[in-house]
Amino acid sequence: MAAVAMLKRCLLRNSRPFYALSPSPSSSPSPPIRGSLSRFVSTLVLAEHEGGMVKQSSLSAVAAASAVNKEKSVTVLLGGSGLALHKAASHAASCHPSVSQVLVADADILVHPLAETWAELVNLVQHQGNYSHIITTSNSFGKNVLPRAAALLDVSPVTDVVEISEPHLFIRPIYAGNALCTIRYAGKGPCMMTIRSTSFTLPSCSTETKSDEAPISQVDLSSFDEGSIPKSRWLKLVSQESERPDLGNARIVVTGGRGLKSAENFKLLEKLAEKLGAAVGATRAAVDAGFVPNDLQVGQTGKIVAPELYMAFGVSGAIQHLAGMRDSKVIVAVNKDADAPIFQVADYGLVADLFEVIPELIEKLPDKK
């Protein structure tokens, strides 16, 4: 009963604030771009799509791009081929008022996001459009493509940005999220960056008429030499089918650690997740022990999540794990060890045996409709 009462209080609790901002560098910040100079700020967003829709993480990148300059100066780049690509282009054209253009690179070689092909595409589009900023999400796609594209353009990228203060002034976490660092980009253009999608509000898709949609244009690929990119090739995608929400975008996340002791015990967590309509996550220790596949790992070397409710069972709270979930609105921790570091960041903590708490929650919670 105590566990059920605790969960009810969690759902009613207000959100926690984000961690404190670290001091800025000693040099005084330069004034933001204003007036006539703002027209020279134009941003290219490298976007992913699936099933004819732009992925939510890429929509967060569009929201971040709109923070660079308030004017309508965001271009979205999509790659691939077929009907799904053109459906995604229509979605991108109306997903945010800051989008001024959607570029479509229609080629079979771009269907799968390999670093070599996409880096060459970004290089080509940048030389055609001369953008001041290039932004993508700090996920496997962005971490794979952006560094290589930056090398081709001979610039240094800024990674894992959580706040954009000015067009060239950014905030990013350091020391596994325990401190925030203010960075000024002083290099040549373009300014290339990856953003943490959980730190930027997802834009709601426009419900206006088609006249409000941005124009869609084809990228000129006449100089794009597909034969000069033989270093890697796509083999296959292995994924697990699940009715549960995607871990990166779920409203509720239920995570298990080494305290669950076996893969069989993780099925208890899966039953609880079904009751709550939640996604299942895991610590690196649980993944390394073979309890669950590595695509469920939450943390510095896994996925970064920021759900409304994060429930941690048998999680000690290593600094690498906290870096991936400390943005969560409400954090609940259940652990037998009262001194576990997870309790230092938890909004609610229960010192108890998880093998008693989880079955009680499963029994008392109503089935998800």
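Report follows, based on the coordinates. Small disclaimer: the values here were computed from a predicted structure and weren't measured.

So, about the sheet that holds strand β17 (residues 348-351). On the basis of which strands lie adjacent, the open sheet formed by five strands has the order β14-β13-β15-β16-β17 and parallel pairing. Of all strands in the sheet, those bounded by a partner on one side alone are β14 (279-282) and β17. In this sheet, adjacent strand axes meet at a mean angle of 15° when their direction is disregarded. Direction of pairing for strand β16 (residues 330-335) relative to β17: parallel, over a ladder of four bridges. Its bridge partner being in β17, valine 334 is matched across the sheet by leucine 350.

Looking now at the packing of aromatic side chains. Applying the stated criterion to the full structure yields two aromatic pairs. Between phenylalanine 266 and phenylalanine 291 the ring centres are 6.2 Å apart and the planes differ by 50°, which places this aromatic pair in the tilted class. Residue phenylalanine 266 is found in helix α6 (residues 263-276), and its partner phenylalanine 291 is found in the loop between α7 (284-288) and β15 (309-313); the two are separated by 25 residues along the sequence. Neither residue differs from the other here; phenylalanine 266 and phenylalanine 291 are each classed as buried.

This next bit is on unusual backbone geometry. Between glycine 189 and proline 190 the backbone carries a cis peptide bond, its omega angle lying at 0°. Of note, proline 190 is situated in the loop between β10 (179-184) and β11 (191-195). Even without being glycine, asparagine 130 reaches a positive phi, approximately 50°. For asparagine 130, a relative accessible area of 61% corresponds to the exposed category. Positive phi, normally seen in glycine, also occurs at aspartate 154, with a value near 60°. Mapping aspartate 154 onto the fold places it in the loop between α5 (140-153) and β7 (158-161).

Moving on, we get to the sheet that holds strand β8 (residues 163-166). Read from one edge of the open sheet, three strands run β8-β9-β10, paired in antiparallel fashion. Edge positions in the sheet fall to β8 and β10, since each has one partner strand and no second. The average undirected angle you get between the axes of adjacent strands in this sheet is 30°. Pairing between β8 and strand β9 (residues 169-174): three bridges, direction antiparallel. In the strand pairing of β9, glutamate 166 is matched with leucine 169.

Right, let's talk about the side chain of histidine 96 for a bit. Note that histidine 96 resides in the loop between α3 (83-93) and β5 (99-106). Among the polar contacts listed, one links the side chain of histidine 96 to the backbone nitrogen of serine 98, at a separation of 3.0 Å.

Before going further, it helps to spend a moment on the environment of valine 351. Here valine 351 lies in strand β17. Separated by twelve residues in sequence, valine 351 and aspartate 339 place their C-alpha atoms 9.4 Å apart. When residues no more than four places from it in sequence are discounted, the contact partners of valine 351 are Asn335, Lys336, Ala338 and Phe343.

Calculation criteria
Residues numbered from 1 in each chain as written. Predicted model: local features only at pLDDT ≥ 70, side-chain atom pairs only at ≥ 80, totals over all residues. Heavy atoms only, no water. Pairing = 2+ DSSP bridges. Helix = DSSP H or I, 4+ residues; strand = E, 2+ residues; numbered from the N terminus. Axes fitted to C-alpha atoms, helices over the stretch in contact; angles between N-to-C directions. Phe/Tyr/Trp six-rings, centres within 6.5 Å; stacked < 30°, edge-to-face > 60°. Buried < 20%, exposed > 50% of the residue type's maximum accessible area, 1.4 Å probe, protein only. Polar contact = N/O pair within 3.5 Å; in protein donor to acceptor, adjacent residues only side chain to side chain. Contact = heavy atoms within 4.5 Å.

Remember that the coordinates give geometry; whether it matters functionally is a separate question.
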